[in-house]
Amino acid sequence: MTCLGIDTSNYTTSVAVFDGAGGVNCSRLLDVRAGTLGLRQSEALFAHVQRLPALFVQLLEQAGRPRIEAVGVSTQPRAVEGSYMPCFLAGASQAEVLAAALGVPLHRCAHQQGHIAASLWSAGRMELLETPHLAWHLSGGTTELLWVEPEDRSVRASRIGGTTDISAGQLIDRTGKLLGLPFPAGKALDAMSREAAGQSAFRIRCRDLEFSLSGVENQVQKFAGTGAPPCETAAFALRSVIGAVRRATEQALARYPGLPVVFSGGVASNALLREALSDLDAVFCAPEYSTDNAMGAAVLAWRQEHENG
């Protein structure tokens, strides 16, 4: 059985197929004007509508034009009441049309649920979809520590910690803008930080699994103002975030001992983060499945159909 997945997040258009063992994901970042820090929702929605047809053609060619037996799509950022972003309407509308035209079931999920499923599949840890675990969703819009448990062949993700203000991705992108890097700045900042020789960082206080990142932006600007090389500023920003994530993770593991910790979201592809947390029971997937992708929606659709079948 092959399932199609669709995800139209704020910055990535993606489609995927999954057959229970493997799959193919095709993604493309939305264009963002140089010197800006993102897109308006109306711009993102229009861009997704433009991008989806070509991505569908690319996906079907790469996957060998399989017979699609179910469609999965992310329709909201999180699986909680009131969670909404217009950009997801692009994927949701396409999914409804395709499912109706093909005469196959349609399965809806949240973008966050898709991130978790894609990470676990890519890491070879699908069994964790059947048991409680901890998960980080680290992205341009989200920095949440989650308690995850199985629910109806999907997952229920409840926030237990994380940032109280701006996300890790926002701090990274603002640091990237300070250093003249293109948006989104994650990959470029990661590569730049690898050239740093120092170990400077700003220690962020973490209480009850929560921390604030809003003040770190000023600390990054001050550090850069000392004449530090760009690579050191990049590493300073990343190490500061990583320190907060580590402290929150350690507090969570003290509260929930023995549970694995899954890392998802674009920031989870950061090499410094992976190195710094390698001594914990951390589950990291391939970097391309940390970033926004449709594979998770396809995986969850397949699981729903597998259960129903």
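Look up a bit, the structure's there.
The sections below set out a description of the structure shown in this document. Sequence order as written defines residue numbering, which begins from 1 separately in each chain. At least 70 in pLDDT is required for a residue's local features to be given in this predicted model, at least 80 for side-chain atom pairs to be given and counted, and no such filter applies to totals for whole chains, interfaces and linings, which use all residues. Excluded from the side-chain calculation are hydrogens and water; included are all heavy atoms of the structure.

Quick look at the layout of surface pockets
Moving on, step 1. Using a grid of 1 Å spacing that covers the protein atoms alone, one calls a set of points a cavity when a 1.4 Å probe fits there but cannot get out, and a pocket when the set is open and has protein on both sides within 12 Å along at least five of seven lines; lining residues are those with an atom within 4 Å of a point. Grid points are joined across faces, edges and corners, and a volume is the space filled by probe spheres set on the points. Taken as a whole, the largest pocket encloses approximately 1,200 Å³ of empty space.
Moving on, step 2. Lining of the largest pocket is provided by 43 residues; of these, Tyr 11, Gly 140, Pro 184, Gly 266 and Asp 292 occupy positions nearest its centre.
Moving on, step 3. At the level of secondary structure, the elements contributing two or more residues to the lining of the largest pocket comprise strand E3 (23–29), helix H4 (168–178) and helix H5 (186–193).
Moving on, step 4. Working definition: helices are DSSP H or I runs of at least four residues, strands are E runs of at least two. Numbering for both runs from the N terminus. In terms of residue count, H4 provides more of the lining of the largest pocket than any other element does, five residues in total.
Moving on, step 5. Classifying every residue of the lining of the largest pocket gives 16 nonpolar, 19 polar and eight charged. Only Asp, Glu, Lys and Arg are considered charged, only Ala, Val, Leu, Ile, Met, Phe, Trp, Tyr, Cys and Pro nonpolar, and every remaining residue, Gly among them, polar.

Remarks on the sheet that holds strand E8 (residues 154–163)
Moving on, step 1. Strand pairing follows a simple DSSP-based rule, namely that at least 2 bridges must link the two strands. Reading across from one edge, E9-E10-E8-E7-E6-E11-E12 is the order of the seven strands in this open sheet, with mixed pairing throughout. Since the sheet does not close on itself, it has two edges, and those belong to strand E9 (206–207) and strand E12 (282–284), each with one partner.
Moving on, step 2. Examined bridge by bridge, strand E6 (residues 133–138) and strand E7 (residues 143–151) share six bridges and lie antiparallel to one another. Among the inter-strand pairings, Ala 135 is bridged to a residue of E7, identified as Leu 146.
Moving on, step 3. Each of E6, E7, E8 and strand E11 (261–264) is contacted by helix H3 (residues 111–122), which is oriented at about 110° to E11, the strand it contacts most.
Moving on, step 4. Seen against the sheet, helix H7 (residues 230–255) touches E6, E7, E9, strand E10 (210–211) and E11 and runs at an angle of roughly 160° to E6. We call two residues contacting when some pair of their heavy atoms lies within 4.5 Å. To obtain each axis, a line is fitted to C-alpha atoms, and for helices this fit is confined to the stretch in contact; angles are then taken between N-to-C directions over 0 to 180 degrees.

Here's the deal with the pattern of salt bridges
Moving on, step 1. A pair is scored as a salt bridge if a Lys or Arg side-chain nitrogen falls within 4 Å of a carboxyl oxygen belonging to Asp or Glu. By the definition in use, this model includes 15 salt bridges.
Moving on, step 2. The partner of Arg 194 in a salt bridge is Glu 275, with the nearest N and O atoms 2.6 Å apart. One end of the pair, Arg 194, is in the loop between H5 and E9; the other, Glu 275, is in helix H8 (residues 271–276), with 81 residues separating them in the sequence.
Moving on, step 3. Residue Asp 279 pairs with Arg 246 through a salt bridge whose shortest N-O separation is 2.7 Å. Of the two residues, Asp 279 sits in the loop between H8 and E12 while Arg 246 sits in helix H7, which places them 33 residues apart along the sequence.

Re the side chain of Thr 143
Moving on, step 1. Within the secondary structure, Thr 143 is located in strand E7.
Moving on, step 2. The cut-offs for exposure are 20% and 50% of the maximum accessible area for each residue type, with area from a 1.4 Å probe on protein chains only; residues under the lower value are buried, those over the upper are exposed, and the others partly exposed. You can call Thr 143 buried: its relative accessible area is 3%.
Moving on, step 3. A distance of 2.7 Å separates a polar side-chain atom of Thr 143 from the backbone nitrogen of Ala 168.
Moving on, step 4. The residues touching Thr 143, leaving out its near neighbours within four places in the chain, are Trp 136, His 137, Leu 138, Gly 161, Gly 162, Thr 163, Ser 167, Ala 168 and Phe 211. As used in this structure description, the phrase polar contact means that two N or O atoms lie within 3.5 Å; if the pair is within protein, one of them must be able to donate a hydrogen and the other to accept it, and residues adjacent in sequence are counted only when both atoms belong to side chains.

Digging into H3
Moving on, step 1. Here H3 is twelve residues long and its end C-alpha atoms lie 16 Å apart, about the 16 Å a rise of 1.5 Å per residue gives.
Moving on, step 2. Of all twelve residues making up H3, eleven are buried, and the element is well covered by its neighbours.
Moving on, step 3. Residues His 111, Gln 112, Gln 113, Gly 114, His 115, Ile 116, Ala 117, Ala 118, Ser 119, Leu 120 and Trp 121 constitute the buried set of H3. The span you would expect from a helix comes to 1.5 Å times its residue count less one.

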